[in-house]
Amino acid sequence: MGNFLTVQIVQTAMEIGLIYSLIALSLFISFSILNICDLSTDGCYTLGCAVGAVVTIAGHPLLAIPASMAAGACSGFITALLQTRFGVQSILAGIIVNTGLYTVNLAVMGFSSNLSIFGTDTIFSLAKGLSGAAWWQSWYKLIMLGLIVALVCIVLYWFLGTRLGLSIRATGDSPAMVKASSINPAFTITVGLCISNSLTGLAGSLIAQYNKTSDINLGTGMVTIALASLVIGESFSRKSGNMAVRILCVPLGSCLYRLIVSIALRLNIPTEAFKLVSAVIVAIALILPQVKSSLQLRVKMHRVRQTAKGGEKDA
């Protein structure tokens, strides 16, 4: 097992998993809380990557983080505007925005299909220089990403407990009830999607600085990956009504997903089959709870029948 999964492989899987967990948290807001299917994630992720790369190349790696989040929020605003103002269905609105973002992303990258950040300082290279200790030089990326994701989870938990956050949660449960309570559901949907997509933009900026490159096709299939992470995470918190537990299980699901992908790599599964692997993981994660419920029901029915037969024998 030590040769199959080395510490370096697991560490890399956790680092990528933490970055992807931000997109899974984005879907947690849009899909799980607002009950909206936002298909603009692929383009928004690439947008955050492109903006982050351009700002980093300009010599401002720290500024690249809020810049990418702001770009993601703008994407979320357009998606929400199409839904709330013009009555476009959420799926179609996401497809429209995702399609338009392809050209926008190309424009941000100077109409180049990829950008290289090699030779430029990133937030990771800056963090590496904070200490010369051997353990820090080996684990600084994982520690840094862990702190970022932990901060995002804490802020998200706090926000969802505020009046506006509770209004957003209520909008996903029952828009009619929210409207009857003199709360504008269009406003809560807009805020929710802006926050959701800002997290996707943040993930894009981090992956650009992590890989030191930005590619126009980087976001392809990101919805499936994030959904797989979200479904795996929510399978651990399905019986919990605690929002903190639900939020913390999302990064856990993302890291587990990346670990599964790492195992697939070690099994020499072709790179071309990764999308299929992602789809299978999502399908299994969705099917397992139903299978588990069916098995539990059958066990209960079997016990009832056995009890009934025992009663007939006693009679």
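Residues numbered from 1 in each chain as written. Predicted model: local features only at pLDDT ≥ 70, side-chain atom pairs only at ≥ 80, totals over all residues. Heavy atoms only, no water.

(A) Quick peek at the overall build of the protein chain. Helix and strand counts for the protein chain stand at 12 helices and two strands. Listing every helix and strand of the protein chain by position from the N terminus yields α-α-α-α-β-α-α-α-α-α-β-α-α-α. Buried residues in the protein chain amount to 44% of all 315 residues. About 15,900 Å² of surface is accessible on the protein chain, with carbon and sulfur atoms providing 66% of the total. Positive and negative side-chain charges of the protein chain, numbering 20 and 10 respectively, have mean locations separated by a distance of 7 Å. (Helix = DSSP H or I, 4+ residues; strand = E, 2+ residues; numbered from the N terminus. Buried < 20%, exposed > 50% of the residue type's maximum accessible area, 1.4 Å probe, protein only. Areas by Shrake-Rupley, 256 points an atom, 1.4 Å probe, with all protein chains shown as cover. Lys, Arg positive; Asp, Glu negative; His and termini not counted. Charge placed at Lys NZ, Arg CZ, Asp CG, Glu CD.)

(B) Molecular detail of helix 3 (residues 61-84). The end-to-end C-alpha distance of helix 3, which contains 24 residues, comes to 35 Å, matching closely the 34 Å that a straight helix rising 1.5 Å per residue would cover. Buried within helix 3 we find Pro-61, Ala-64, Ile-65, Ser-68, Ala-71, Gly-72, Ser-75, Gly-76, Thr-79, Ala-80, Leu-82 and Gln-83. The inward-facing, buried residues of helix 3 contact helix 2 (41-57), helix 4 (90-108), helix 5 (123-128) and helix 9 (185-211). (Expected span 1.5 Å × (residues − 1). Contact = heavy atoms within 4.5 Å.)

(C) Just the side chain of Thr-188, in detail. With respect to the element layout, Thr-188 can be found in helix 9. The exposure class assigned to Thr-188 is buried, which follows from its relative accessible area of 1%. Among the polar contacts listed, one links the side chain of Thr-188 to the side chain of Thr-171, at a separation of 2.8 Å. Apart from residues no more than four positions distant in its own chain, Thr-188 is found in contact with Ser-167, Ile-168, Thr-171 and Ile-183. (Polar contact = N/O pair within 3.5 Å; in protein donor to acceptor, adjacent residues only side chain to side chain.)

(D) Looking closely at helix 4. Here helix 4 is 19 residues long and its end C-alpha atoms lie 26 Å apart, about the 27 Å a rise of 1.5 Å per residue gives. Of all the bends in helix 4, the largest measures some 30° and sits at Leu-101. Of all the residues in helix 4, the buried ones are Ala-93, Gly-94, Val-97, Leu-101, Asn-105 and Leu-106. Contact partners of the buried residues in helix 4: helix 2 and helix 3. (Bend = angle between axes of the 7 residues up to and from the residue.)

(E) Structural detail: the pattern of salt bridges. The tally for this structure, following the rule as stated, stands at one salt bridge. Residues Arg-246 and Glu-234 are paired through a salt bridge, measuring 3.9 Å at the closest nitrogen-oxygen approach. Taken as a pair, Arg-246 in helix 11 (residues 243-266) and Glu-234 in helix 10 (residues 222-236) lie far apart in primary sequence, 12 residues in all. (Salt bridge = Lys/Arg side-chain N within 4 Å of Asp/Glu carboxyl O.)

(F) Main features of the environment of Cys-249. Here Cys-249 shows up in helix 11. Considered as a pair, Cys-249 and Leu-25 are 224 residues apart in the sequence and their alpha carbons are 9.8 Å apart. Those residues in contact with Cys-249 that lie beyond four places of it in its chain are Gly-233, Phe-236 and Ser-237.

(G) Local environment of the packing of helix 2 against helix 4. Contact geometry for helix 2 and helix 4: axes closest at 9 Å, N-to-C directions at 10°. By the criterion of interaxial angle, the relationship of helix 2 to helix 4 is roughly parallel. Of helix 4, the residues touching helix 2 (which contributes Asp-42, Gly-43, Cys-44, Thr-46, Leu-47, Ala-50, Val-51 and Val-54) are Asn-98, Leu-101, Val-104, Asn-105 and Val-108. A class-by-class count of the residues in the contact of helix 2 with helix 4 yields eight nonpolar, four polar and one charged. (Axes fitted to C-alpha atoms, helices over the stretch in contact; angles between N-to-C directions. Parallel < 35°, antiparallel > 145°, perpendicular 65-115°, else oblique. Nonpolar A, V, L, I, M, F, W, Y, C, P; charged D, E, K, R; others polar.)

(H) Here's a closer look at a nonpolar patch on the surface. A contiguous nonpolar surface patch, about 350 Å² in accessible area, is contributed by Ile-91, Leu-92, Ile-95 and Ile-96. The residue Ile-91 is located in helix 4 in this model. The class for Ile-91 is partly exposed, based on a relative accessible area of 42%. (Patch = residues over 30% accessible without salt bridge, like charges linked within 9 Å, V, L, I, M, F, W, Y side chains within 5 Å.)

(I) Representation of the packing of aromatic side chains in the model. Under the criterion given, the structure shown has two aromatic pairs. With a centroid separation of 5.7 Å and an interplanar angle of 80°, the aromatic rings of Phe-124 and Tyr-210 are classed as edge-to-face. With Phe-124 in helix 5 and Tyr-210 in helix 9, the pair connects residues that are 86 residues apart, well separated along the chain. By relative accessible area, Phe-124 is classed as buried at 2%. Relative accessible area serves as the criterion here: at 13%, Tyr-210 is assigned to the buried category. Aromatic side chains Trp-135 and Trp-136 sit 5.8 Å apart centroid to centroid with 85° between the ring planes, which places their arrangement in the edge-to-face category. Here Trp-135 falls in the exposed class, since its relative accessible area comes to 54%. (Phe/Tyr/Trp six-rings, centres within 6.5 Å; stacked < 30°, edge-to-face > 60°.)

(J) Local environment of unusual backbone geometry. In this structure, Asn-35 is a non-glycine residue whose phi angle is positive, near 60°. Inspection of the secondary structure puts Asn-35 in the loop between helix 1 (7-33) and helix 2. Judged by relative accessible area, which is 59%, Asn-35 ranks as exposed. Even without being a glycine, Lys-212 presents a positive backbone phi close to 60°. Position of Lys-212 relative to the elements: it lies in the loop between helix 9 and strand 2 (213-215).

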